[in-house]
Amino acid sequence: MTGVKRIRLGIRGKIAAVILICMVPVLILGGVLYQSRDQGRLEVVQRSHREAARAIASGVQMFIAGGIEAERTAGAAVTSQPYPVPGIVQLFGAIRARDPLFLSLVLIDPAGGVSAASPPAAAQDVAADPSVTAVQRSKAWAAGAPVRVGRRATLVVSSAIQEGGHLNAIVAGRVNLERLRAILPHAPNPLADGIIVDERGRVIIDLLKPDRAAEAFQEVAGVRQALAGYEASIDGYRDPGSPVRLLGAAVPIPDLGWAAVITEPESSALESARRAATQELTFLLTTVGIGLFLAWVLGAELSAPILALVRGARAIGRGELGTRVALPRNDELGELGDAFNEMSRRLADLVQEMSALQAVSDAALSTVRLDELLPPLVHQVVAALHADEGTIWFVDEQSGGLNVSSSEPPRHLARGQGVAGRVAAEARPVMISDPARLAALDPALAGEGAYAAAGVPLRAGGRVIGVVQVTSRRPREFTPHEMRLLEAFADRVALAVDNASAYEREREIAAIIQQTLLPPERVQLPSVTVAGKYVSSREVGGDFYAVLPLEDARVGLAIADVTGKGIPAATLSARARYLLEAFALEAHRPDTVLTRLNQVLARDADSRFVSLFYGILDARRGRFAFARAGHPPPLLVPAGTATPVALEPPGLLLGVDVAATYVTSEVSVGPGDLLVMFTDGITEARRPDGQQFGEQRVSVLAGACAGALPEDVVERVMGALAAWAGRAPADDQTIVAVRIELADERPVHMHAGRASAD
Amino acid sequence: MDLQLDVRTSDGVTILDVVGEVDLYTAPRLEEGLRQAASGPRPLLAVNLARVAYLDSTALRVLTESHKDVQSRQGAIVVIVTQPTIQKIFRVTGLGTILAVVATEREAVEQLRTHPRG
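Let me sum up the structure you'll find in this document. Keep in mind that this is a model prediction, so the values were computed, not measured. Per-chain numbering applies: the sequence of each chain, read as written, is numbered from 1 onward. Here chains are named by letter from A upward and ligands by number from 1 upward, in the order in which they appear as written. Local features in this predicted model are restricted to residues whose pLDDT is 70 or higher, and side-chain atom pairs enter the listing and the counts only when it is 80 or higher, whereas totals over whole chains, interfaces and linings include all residues. Excluded from the side-chain calculation are hydrogens and water; included are all heavy atoms of the structure.

Our next topic: the overall build of chain B. Helix and strand counts for chain B stand at four helices and five strands. Counting helices and strands in the order they occur from the N terminus, chain B gives β-β-α-β-α-β-α-β-α. Note on classification: 1.4 Å probe, protein chains only; a residue is buried when its accessible area is under 20% of the maximum for its type, exposed when over 50%, partly exposed between these limits. Every one of the 118 residues in chain B was classed for burial, and the buried ones make up 49%. Taking as baseline every contact in chain B between residues at least 6 positions apart, the subset at least 24 positions apart corresponds to 67%. Under the convention used here, a 1.4 Å probe and the Shrake-Rupley method define accessible areas, while residue burial counts only the protein chains that appear. Roughly 5,600 Å² of accessible area belongs to chain B as shown, and the carbon and sulfur atoms make up 50% of that amount. A run of H or I in DSSP counts as a helix once it spans at least four residues, and a run of E counts as a strand once it spans at least two, with each numbered from the N terminus. Only heavy atoms matter for contacts: two residues are in contact if any of them lie within 4.5 Å across the pair.

Written as structure tokens, this is what we have:
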């Protein structure tokens, strides 16, 4: 724990952060530039002012040149051949009409005399202009001083019309300078003003403020400098009475000696510069924004599949094997997704294979019956191999063929027939992936729609006892890995089969032993009628009961339960049963019989216990003497009553303590009395909710049976018990009902017949 | 059909708490639990069956064997039984005369602490 909280950035955040970090210097630079722009801005403004002024200057030059060109053309036209004066006037009039540049146009002879004028009234005014004199003095052209005519600024431009190297004539025209307003280029922005001043600095044309005083710029340093022939900036000029500080530039207009001036209020100039800078900054910020947006999109592009993979990995972690992620992409992440899905699928397969094998191993160790055990195992191996059908064949010992006993109807293959027959005959795995070959070898399988099949032998004790076979309904190969898996499966199935049959054999033997110990279900003696029922549990326990005819018409009655199950319990049962009979014939007291029996059993190395109740009925004397060794107390229901009496003298289980002693109790009995003996398999039989049947229920049932036939008593108790706990007992259940009959002197004999079912 | 075993000590007495059902299938685990709890030269062990729902004859055999084994090492085993059905098993089988069966843990600990040495 560092105590420093780490900030978690997703991929998107990181990319954005990187781009942001890269942008920082750009932003800082932009900010610095923006801040330092006031200086630069001024330069920009001045530069633009000069350009605008130059444009105006050249516009003026072009304007004058246009006028000169027109004069020369007209002059050449009228002097190249004799031209009548009215024609000249008419021509000049037409020129003026077409081009309002000229307010008047005059043809002057080289001596200065007016040859023709349009309009005629303008003749003297124009002819007297200094520019005419300048041309007479061999100038190619000349412009006079600007003069206001009415509200219009005008100027006389004179051009020499030469022929053969000497002056032939002069064309002079008063030019309307106001026309400049229409043709001059516009100032950089609406607040900027363009001004033309003459060689003395007087305003000739002011594009924005026609009323500006003519002398307004005479003293402006920049203007003076321009008139001196140099471009200059104007900085800080104010119109008289105006607080507005103007910036601007002045450039000379060559040939004319004039200057073109641009002025603009400082605030407007700086504002436009700032606007330009703001545009730059906006552009910069937009670029950064687009960068971040792209980072976000790219991050999403990268992080979405990674998050999908993370979710997939978590799902696998939760045990959802086979989870797939959908990454339909062509890049490395798409490959990662494919690899993930492949891993997930293999993991699921592997776990399925392992659990299939584990299930078989578990089953092999369990004591479940084979016909219950195999179908789910087959199902599992079929799923693990992605096959469609699975069959376990067993070799028929007699015919050497193969059987599937659990299928309906039973299936059979002759020796060597079909895929399974070949596996059994050759005792090795067989795999067929060619449908044609399969159809040839095993038409039955092909007829069921199988396209591929694999089989491995089931081996036990070095012999092939059967075949595990799987088939597929689509063309496929079974890989070497899958064949090994099938073999591993077969090994375990063989083990399970071995265990199960060993267990079945043991169970059968135990059941046979147990059956031999039991008397017939109904025993009829002169003194007693005995009905008994023994229901074995699956594992076969060690219950038995006995009816032993003794001397003097006495009858020994016994019921016992040996701890444990199977053959060990059955053999001890047998031993206890015959020892009991031997001791019963010798000894006359039940406690003596039990004491001797206990001494023998307690000395056994096998430390199993036996609970036993033994009584001797002397019907003629109406006495019943009994002793009990840890057995559930039998119930005596005297004739004519419904209240059973528990016969419960103290006494330890047999086989626990070699020194144990027993007690004989005695009760009077008479004809019609009912004795009910049972084992704890009856009283401890449990309902699904776990509640035991209990002595109390047996007692109530017995009490209700007073006077009934012994077999009916047995039937009623067992019926109630089956309703209570079902018909598959967890422990052996034994019940014996004894009815005491009239005593007589007839010789003793047994009826060895089965009790009727009802 | 589950069995849980837990060993703890109280006043020099080892107490084995048995919870669940003891039958043919779980008895081997009880046997192993008893063997471990009663290791040492002179084991004084209380087997607490107060929370046992079901006990069959196999369990009785395991308890009796363990009792004999502990006795041969001058130790003692006391069984704590509170449920009438289980108490009845000890009465019917007569094992209550061989094994010391008490109804509370306090009685079990007292009885074991006064167990004569040697």
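Let's pick the thread back up.
In summary, the side chains of a regular strand alternate between the two faces of the sheet. All names here are of chain A. In terms of burial, strand E17 (residues 463-472) is a largely internal element, nine of the ten residues being buried. Summarising the sheet, strand E12 (residues 389-395) and E17 pair through six bridges and their orientation is antiparallel. Note on E17: the bridge partner recorded for Ile392 is Val468. Whether two strands pair comes down to DSSP finding at least two bridges between them. Between strand E16 (residues 452-460) and E17, which pair antiparallel in sequence order, lie two residues; one of them, Gly461, sits at a positive phi of approximately 55°.

A separate point is the interface of chain A and chain B. Every contact between the two is made by 22 residues of chain A and, on the other side, 20 residues of chain B. A simple way to read buried area is as the amount of 1.4 Å-probe accessible surface that goes missing from two parts once joined, with both sides added. When the two sides are added together, the surface that chain A and chain B hide from each other amounts to roughly 1,700 Å², 52% of it contributed by carbon and sulfur. The rule for a salt bridge is simple: a side-chain nitrogen of Lys or Arg has to be within 4 Å of a carboxyl oxygen of Asp or Glu. Joining chain A to chain B, the criterion identifies three salt bridges. In this structure, A:Glu648 engages B:Arg91 in a salt bridge whose closest nitrogen and oxygen atoms are separated by 3.7 Å. Identification of polar contacts relies on pairs of N or O atoms within 3.5 Å, with a donor-acceptor requirement for protein atoms, meaning one able to donate a hydrogen and the other able to accept it, and with residues adjacent in sequence counted only if both atoms are side-chain atoms. Inspection of the chain A/chain B interface yields five residue pairs in polar contact (both at pLDDT 80 or more). Here the term charged refers only to Asp, Glu, Lys and Arg, the term nonpolar to Ala, Val, Leu, Ile, Met, Phe, Trp, Tyr, Cys and Pro, and the term polar to all other amino acids, Gly among them. In the side of chain A that touches chain B, the residues fall into six nonpolar, seven polar and nine charged.

Residue and element names in this part refer to chain A. In this structure, Glu178 sits in the loop between strand E6 (166-176) and helix H6 (180-183). In this structure Glu178 comes out as buried when scored by relative accessible area, which is 18%. A polar atom in the side chain of Glu178 sits 2.8 Å from the side chain of Arg181.

Here the focus is the sheet that holds E16(A). All names here are of chain A. Spatially, E14-E13-E12-E17-E16-E15 is the arrangement adopted by the six strands of the open sheet, whose pairing is antiparallel. Of all the strands in the sheet, just strand E14 (411-413) and strand E15 (430-432) have a single pairing partner and so form its edges. Along the sheet, successive strands turn relative to each other by an average axial angle of 20°, direction set aside. Two elements, strand E13 (residues 402-404) and E14, share three bridges in a ladder whose sense is antiparallel. By the bridge assignment for E14, Leu402 is matched with Leu413. Each of E12, E13, E14, E15, E16 and E17 touches helix H11 (residues 418-426); the most contacted strand, E17, lies at about 145° to it. Only C-alpha atoms enter the line fits that serve as axes; for helices the fit covers just the stretch in contact. Angles between N-to-C directions range over 0 to 180 degrees.

Residue and element names in this part refer to chain A. Scanning the model with the defined rule gives 37 salt bridges over all chains in all. Measuring nitrogen to oxygen at the nearest pair gives 3.1 Å for the salt bridge that ties Arg224 to Glu219. Counted as one network, the salt bridges with shared partners bring together Glu342, Arg345, Arg346 and Asp349.

Residue and element names in this part refer to chain B. As defined by bridge partners, strand E1 (residues 3-10) adjoins strand E2 (residues 13-22) across eight bridges and the pair is classed as antiparallel. Within E2, the residue paired with Thr9 across the bridge is Thr14. Hairpin connection of E1 to E2: two residues between the antiparallel strands, including Asp11 at a positive phi of 55°.

Before going further, it helps to spend a moment on the packing of aromatic side chains. Each Phe, Tyr or Trp ring, with Trp reduced to its six-membered ring, pairs with another whose centre is within 6.5 Å; inter-plane angles below 30 degrees give stacked pairs, above 60 give edge-to-face pairs, and intermediate values give tilted ones. Under the criterion given, the structure shown has five aromatic pairs over all chains. With a centroid separation of 5.0 Å and 35° between ring planes, the pair formed by A:Phe217 and A:Tyr237 is classed as tilted. Of this pair, A:Phe217 sits in the loop between strand E8 (203-206) and helix H7 (221-227) while A:Tyr237 sits in strand E9 (residues 232-238), and the two are 20 residues apart along the sequence. A connected cluster of aromatic rings, assembled from ring pairs, spans A:Phe613, A:Phe624 and A:Phe626. Cation placement over rings: the criterion is NZ of Lys or CZ of Arg within 6 Å of the ring centroid and within 35° of the ring normal. Lying across the ring of A:Phe478, A:Arg476 places its NZ or CZ 4.0 Å from the centre. The aromatic ring of B:Tyr54 is capped on one face by A:Arg686, whose charged end is 3.9 Å from the ring centroid.

Counting 90 residues, the largest nonpolar core has A:Leu612, A:Tyr614, B:Leu49, B:Leu55 and B:Phe90 as its most contacted members. Here the element with the most residues in this core is helix H15 (residues 566-586) of chain A; it accounts for nine residues. Sequence-distant contacts of B:Leu49, defined by excluding residues within four places in its chain, comprise B:Val18, B:Leu55, B:Leu63, B:Val79, B:Ile80, B:Val81 and B:Phe90. We define a nonpolar core as any set of buried Ala, Val, Leu, Ile, Met, Phe, Trp, Tyr and Cys residues linked to one another through side-chain atoms lying within 4.5 Å. Counting residues in each nonpolar core, the second largest holds 37 residues, with A:Val60, A:Leu101, A:Val157 and A:Ile204 among its members.

What follows deals with the sheet that holds strand E4 (residues 76-80) of chain B. Residue and element names in this part refer to chain B. Strand order in the open sheet formed by five strands is E1-E2-E3-E4-E5, with mixed pairing between adjacent strands. Sheet topology places E1 and strand E5 (100-102) at the edges, where each strand pairs with a single neighbour. Going from strand to strand, the sheet's axes swing by 25° on average, the running direction of each strand aside. Where E4 and E5 come together, three bridges link them in parallel fashion. Residue Val78 lies in a different strand from E5, and its bridge partner there is Ala100. Contacts from helix H3 (residues 84-93) reach strand E3 (44-55), E4 and E5, with the element oriented near 115° to E3. The sheet strands contacting helix H4 (residues 105-113) are E1, E2, E3, E4 and E5, and the helix crosses E4 at an angle near 170°.

Residue and element names in this part refer to chain A. Cis geometry is adopted by the peptide bond preceding Pro119, which originates at Ser118 and carries an omega value of -5°. With respect to the helices and strands, the residue Pro119 is situated in the loop between strand E2 (114-118) and helix H4 (123-127). The phi angle at Ala553 is positive, at roughly 60°, despite the residue not being glycine. On the secondary structure map, Ala553 appears in the loop between strand E20 (542-549) and strand E21 (555-562). Residue class for Ala553 comes out partly exposed when judged on its relative accessible area of 25%.

Another aspect to go through is the packing of helix H10 (residues 370-384) of chain A against helix H14 (residues 480-517) of chain A. Residue and element names in this part refer to chain A. For the pair H10 and H14, interaxial distance at closest approach is 11 Å and the crossing angle is 175°. With respect to their mutual orientation, H10 and H14 come out roughly antiparallel. Counted together, Leu370, Leu373, Leu374, Leu377, Val378, Val381 and Ala384 of H10 and Leu485, Leu486, Phe489, Val493, Ala496, Val497 and Ala500 of H14 form the full contact between these two elements. Residues that form the contact of H10 with H14 fall into these classes: 14 nonpolar, no polar and no charged. In this scheme, roughly parallel covers angles under 35 degrees and roughly antiparallel covers those over 145, while 65 to 115 is roughly perpendicular and the rest are oblique.

Spacing of three or four residues puts side chains on the same side of an α-helix, whose turn is 3.6 residues. For helix H18 (residues 694-704) of chain A, the complete set of buried residues consists of A:Gly694, A:Val698, A:Ser699, A:Ala702 and A:Gly703. Along its buried surface, H18(A) packs onto strand E24 (635-637), strand E27 (674-678) and helix H17 (680-683) of chain A.

All names here are of chain A. Here His386 shows up in the loop between H10 and E12. Between the C-alpha atom of His386 and that of Ser472, which follows or precedes it by 86 residues, the distance is 8.1 Å. Discounting chain neighbours no more than four positions away, the residues touching His386 are Asp349, Gln352, Arg474 and Arg476.

Residue and element names in this part refer to chain A. In this scheme, a helix's expected span is set at 1.5 Å multiplied by one less than its residue total. For helix H3 (residues 85-98), spanning 14 residues, the distance from its first C-alpha to its last is 20 Å, which sits close to the expected 20 Å at 1.5 Å a residue. Taken together, the buried positions of H3 are Gly87, Ile88, Phe92 and Ile95. Looking straight down H3, one finds its buried side chains confined to an arc of 135°; they lie on one side. When the buried face of H3 is taken as reference, the exposed residues oriented beyond 90 degrees from it are Pro86, Gln90 and Ala97. The arc in question is formed by the directions pointing from the helix axis toward the C-beta atoms.

Further remarks concern the packing of helix H1 (residues 27-37) of chain B against helix H2 (residues 57-72) of chain B. Residues and elements named next belong to chain B. Packing of H1 against H2 brings their axes to within 9 Å, and their N-to-C directions diverge by 15°. Between H1 and H2, the crossing angle belongs to the class labelled roughly parallel. By crossing handedness, the relation of H1 to H2 is classed as right-handed. Here Ala27, Leu30, Glu31 and Leu34 of H1 come into contact with H2, specifically with Thr58, Val62, Leu63 and Ser66. Partitioning the contact of H1 with H2 into residue classes produces five nonpolar, two polar and one charged. Throughout, a crossing is termed right-handed when the near helix is turned clockwise from the far one, and left-handed when it is turned anticlockwise from it by less than a right angle.

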